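One-letter residues, chain by chain:
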Amino acid sequence: MAWLLIVEPFYGGSHRQLVDTLVSRLDPSTYLLVTLPAKKWHWRARCSALTISQAIPRDHQFTTLFTSSVLSLAELAGLRPDLAKLRKIIYFHENQLCYPVKTVKERDFQFGYNQVTSCLAADIVLFNSQYNLTTFLSHIPSFLSLQPDHRPNTKQICDQIETVSQVVYFPLQLPPRQEIRRTGDRPVHIVWPHRWEHDKDPDTFCRVVIKLHEENCDFELSLLGEVFSEVPDIFQQVKVKLRDKIKVFGFVPSK
């Protein structure tokens, strides 16, 4: 029977890549994977713990739980006391205390608060970079000071989280190294591989390639990455102004 429970409330993009990389190295009999589709991120962060608590079997022999910071781990542990006893590991792809937002009013306090309480409920907290770890800890005091009164002891919180935190870089399955040779007089090929969302700062990138085009620089352009319902207007401007340079315009699932 499986000893490892893997939970991913947002099974898509880098979250899916991490899980798939992990399970590719495991015997299928040793783990159970519980996921939700990668849609409506905000609702996954708010509500997935209840849905997932019902999807996990009651009869189990799990010893370890691995999840991402999209899940409210403290909430899941409260809903399923049997899971609270497991060794709980949470992985941070990003942190909501300093995640880029267009305006301060757009920052939903609940998302960051859930991540803080999830860390307090976890036995091990993994961050994908030192920057992610450092900024999360350093922003906790100012973030929790937004509460109007009866604020918790932030030093105690930071000390507890720091004690169980470490940096584990995102795992990659790279193809064999190949020698890259420039052929003929082909121009430089510039690629945007990220999601088409404001937190990736597409405005700066697009302004740069438009400027290069206006200065008659010779290059090709491919705009890849996942596209969701709301696309920044700047991409349409690039599509119109640089149409002769664009090789690919849209999501490509694989190279």
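Below is a short write-up of the structure. (Residues numbered from 1 in each chain as written. Predicted model: local features only at pLDDT ≥ 70, side-chain atom pairs only at ≥ 80, totals over all residues. Heavy atoms only, no water.)

1. Some details on the sheet that holds strand β6 (residues 165–167)
The strand order across the open sheet built from 6 strands is β2-β1-β3-β4-β5-β6, with neighbouring strands paired in parallel fashion. With one partner strand each, in any of the chains shown, β2 (31–37) and β6 form the two edges of the open sheet. Neighbour-to-neighbour, the strand axes of the sheet open up by a mean angle of 20°, direction not taken into account. Pairing geometry for strand β5 (residues 124–127) and β6, over 3 bridges, is parallel. (Pairing = 2+ DSSP bridges. Helix = DSSP H or I, 4+ residues; strand = E, 2+ residues; numbered from the N terminus. Axes fitted to C-alpha atoms, helices over the stretch in contact; angles between N-to-C directions.)

2. Examining helix α9 (residues 233–241)
Those residues of α9 that fall on the buried side of the exposure criterion are I234, F235 and V238. Here the buried residues of α9 occupy an arc of 105° about the axis, which is enough to place them on one side. (Buried < 20%, exposed > 50% of the residue type's maximum accessible area, 1.4 Å probe, protein only. Arc of directions from axis to C-beta.)

3. Side note on the environment of R151
For R151, the location among the structural elements is in the loop between α6 (130–144) and α7 (154–163). By relative accessible area, R151 is classed as partly exposed at 48%. The contact partners of R151, leaving out residues within four places of it in the chain, are L144 and S145. (Contact = heavy atoms within 4.5 Å.)

4. Topic: the nonpolar core
One finds L5, I52, I56, F136, I140 and I161 to be the most contacted residues of the largest nonpolar core, which totals 32 residues. The dominant element in this core, judged by the number of residues it contributes, is α6, at 6 residues. When residues no more than four places from it in sequence are discounted, the contact partners of I52 are V7, P9, V34, L36, L71 and L76. Formed by 15 residues, the second largest nonpolar core is a distinct cluster that contains W196, V209, F235 and V238. (Core = buried A, V, L, I, M, F, W, Y, C linked by side-chain atoms within 4.5 Å.)

5. Some remarks on the side chain of T67
Looking at where T67 falls in the secondary structure, it is placed in strand β3 (residues 64–68). Apart from the residues lying within four places of it in its own chain, the contact partners of T67 are V7, P9, L73, I89, I90 and Y91.

6. Comments concerning the pairing of strand β4 (residues 87–92)
Burial analysis of β4 places 5 of its 6 residues in the buried class, which makes it a mostly covered element. Looking at chain direction, β3 and β4 are connected through 5 bridges and run parallel. Each residue of the ladder has a partner; that of S68, found in β4, is Y91. In this structure, β4 lies alongside β5, joined through 4 bridges in parallel fashion. When the bridges of β5 are listed, I89 appears paired with I124.

7. Looking at the pattern of salt bridges
For the coordinates displayed, the defined rule picks out 7 salt bridges. Here R16 ties to D20 by a salt bridge, and the two come within 3.4 Å at their closest N and O atoms. With R16 and D20 both in helix α1 (residues 13–23) and 4 residues apart, the pair spans about one turn of that helix. For R16, a relative accessible area of 40% corresponds to the partly exposed category. (Salt bridge = Lys/Arg side-chain N within 4 Å of Asp/Glu carboxyl O.)

8. Considering the pairing of β3
Regular strands show a simple pattern: their side chains alternate between the two faces of the sheet. Within β3, 5 of the 5 residues are buried, leaving the element largely enclosed by the surrounding structure. Because side chains alternate across β3, one face comprises the buried residues T64, F66 and S68, and the other comprises L65 and T67, equally buried. Sheet topology note: the strand β1 (residues 4–11)/β3 ladder contains 4 bridges and is parallel. Bridge pairing in β3 links L4 to T64.

9. Focus on the state of the cysteines
The tally for this structure, following the rule as stated, stands at 0 disulfides. With no disulfide of its own, C119 lies 10 Å from the sulfur of C158, the closest cysteine sulfur. (Disulfide = S-S within 2.5 Å.)

10. Points about the sheet that holds strand β7 (residues 188–192)
Reading across from one edge, β7-β8-β9 is the order of the 3 strands in this open sheet, with parallel pairing throughout. A single partner strand is all that each edge strand has here, and the edge strands are β7 and β9 (246–249). Each strand of the sheet is rotated relative to its neighbour by a mean of 10°, with strand direction disregarded. Contacts from helix α8 (residues 202–214) reach β7 and β8 (219–223) within the one sheet, and its direction differs from that of β8 by about 155°. Running at roughly 145° to β9, α9 makes contact with β7, β8 and β9 of the sheet.

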